[in-house]
Amino acid sequence: MKVKTVILLVVIFLAVISVAAVKKHIDNSVVDKYGMVKTPEEDIILCRYFCGGGMDGSSETLEISASENGSAVVSYEYTSLISDKVKKESAVVSFDAIKEIRDICKKHRIFSWGELKDSEILLLDAPVTSIYVSTGQESYSYNSNKEIPEYAYGITNELYNAMKKHLKGVD
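This text gives an overview of the structure that appears in the document. (Residues numbered from 1 in each chain as written. Predicted model: local features only at pLDDT ≥ 70, side-chain atom pairs only at ≥ 80, totals over all residues. Heavy atoms only, no water.)

## Details of the packing of helix H2 (residues 96-107) against helix H3 (residues 155-164)
A pair of packed helices can be characterised by two numbers: the angle between their axes and the separation between those axes. Put simply, the rule is: Only the stretch in contact is used when fitting a helix axis, every axis being a line fitted to C-alpha atoms; angles between N-to-C directions are given from 0 to 180 degrees. Working definition: helices are DSSP H or I runs of at least four residues, strands are E runs of at least two. Numbering for both runs from the N terminus. Angle categories: roughly parallel below 35 degrees, roughly antiparallel above 145, roughly perpendicular from 65 to 115, and oblique for all the rest. Residue contacts follow a heavy-atom distance rule, with two residues in contact if any of their heavy atoms lie within 4.5 Å.
Their axes nearest at 10 Å, the elements H2 and H3 cross at an angle of 175°. As judged from the angle between their axes, H2 and H3 are roughly antiparallel. Two secondary-structure elements touch here, H2 through Glu100, Ile101, Ile104, Cys105 and Lys107 and H3 through Ile155, Glu158, Leu159, Ala162 and Met163.

Right, dumping it as structure tokens:
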């Protein structure tokens, strides 16, 4: 009798954990008008990468945004205070570029991260890198002074590379 009770308690415990895990996933999503679960990552229309503030005095901004005509615009700007170098480029690209950003953010569940804690490692003279994504209704941002979830390591490089590859001749 005791074995059956223990097994029953274990099954109930596992069921509660499963429900909690599913609830956490659903809390980060909304139901569209057809009843399908939709995450905010599927509606991203803007992604911005910024790196600057280091002792070399340079800054780099890379951004992709959806345009009203069904395409996307990628823009790049690099400035250096030391060499007075300024480089600006932009290109109109296929909306597939936005879809790629959405897929990366969805894979890493960026809108579910919530408030990130400060990193214990701070490089005082190093530039700070930040990412900002927006759906138009809600947005999320983080920077290199925060600890991102372990499963999302590499997201910053993925987003940067996904945007940069659409600009030819960018250094």
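## Thoughts on unusual backbone geometry
Put simply, the rule is: Burial classification: accessible surface area is computed with a 1.4 Å probe over protein chains only, and a residue below 20% of its type maximum counts as buried, one above 50% as exposed, and the rest as partly exposed.
For Asp84, which is not a glycine, the phi torsion comes out positive at approximately 60°. Among the structural elements, Asp84 can be located in the loop between strand S5 (71-80) and strand S6 (86-94). Take Asp84: its relative accessible area is 64%, and that puts it in the exposed class. Of note in this structure, Arg109 is not a glycine but carries a positive phi near 50°. For Arg109, the location among the structural elements is in the loop between H2 and strand S7 (128-134).

## A look at H3
Here is the rule we go by: The arc in question is formed by the directions pointing from the helix axis toward the C-beta atoms.
Here H3 has its buried residues at Ile155, Thr156, Leu159, Tyr160, Ala162 and Met163. Burial along H3 is one-sided: seen end-on, the buried residues are contained in an arc of 165°. Among the structural elements, strand S3 (46-52), strand S4 (58-66), S5, H2, S7 and strand S8 (139-143) are those in contact with the buried residues of H3.

## Some words on the pairing of S7
Here is the rule: A strand pair is defined by DSSP finding two or more bridges across the two strands.
Bridge analysis of S3 against S7 gives 7 bridges, and the strand direction is antiparallel. Its bridge partner being in S7, Cys47 is matched across the sheet by Val133. As paired strands, S7 and S8 are joined by 5 bridges and run antiparallel to one another. By the bridge assignment for S8, Ser134 is matched with Ser139. What sits between the antiparallel neighbours S7 and S8 is a turn of 4 residues, in which Gly136 has the positive phi angle 95°.

Nothing here speaks to function; it is all geometry.
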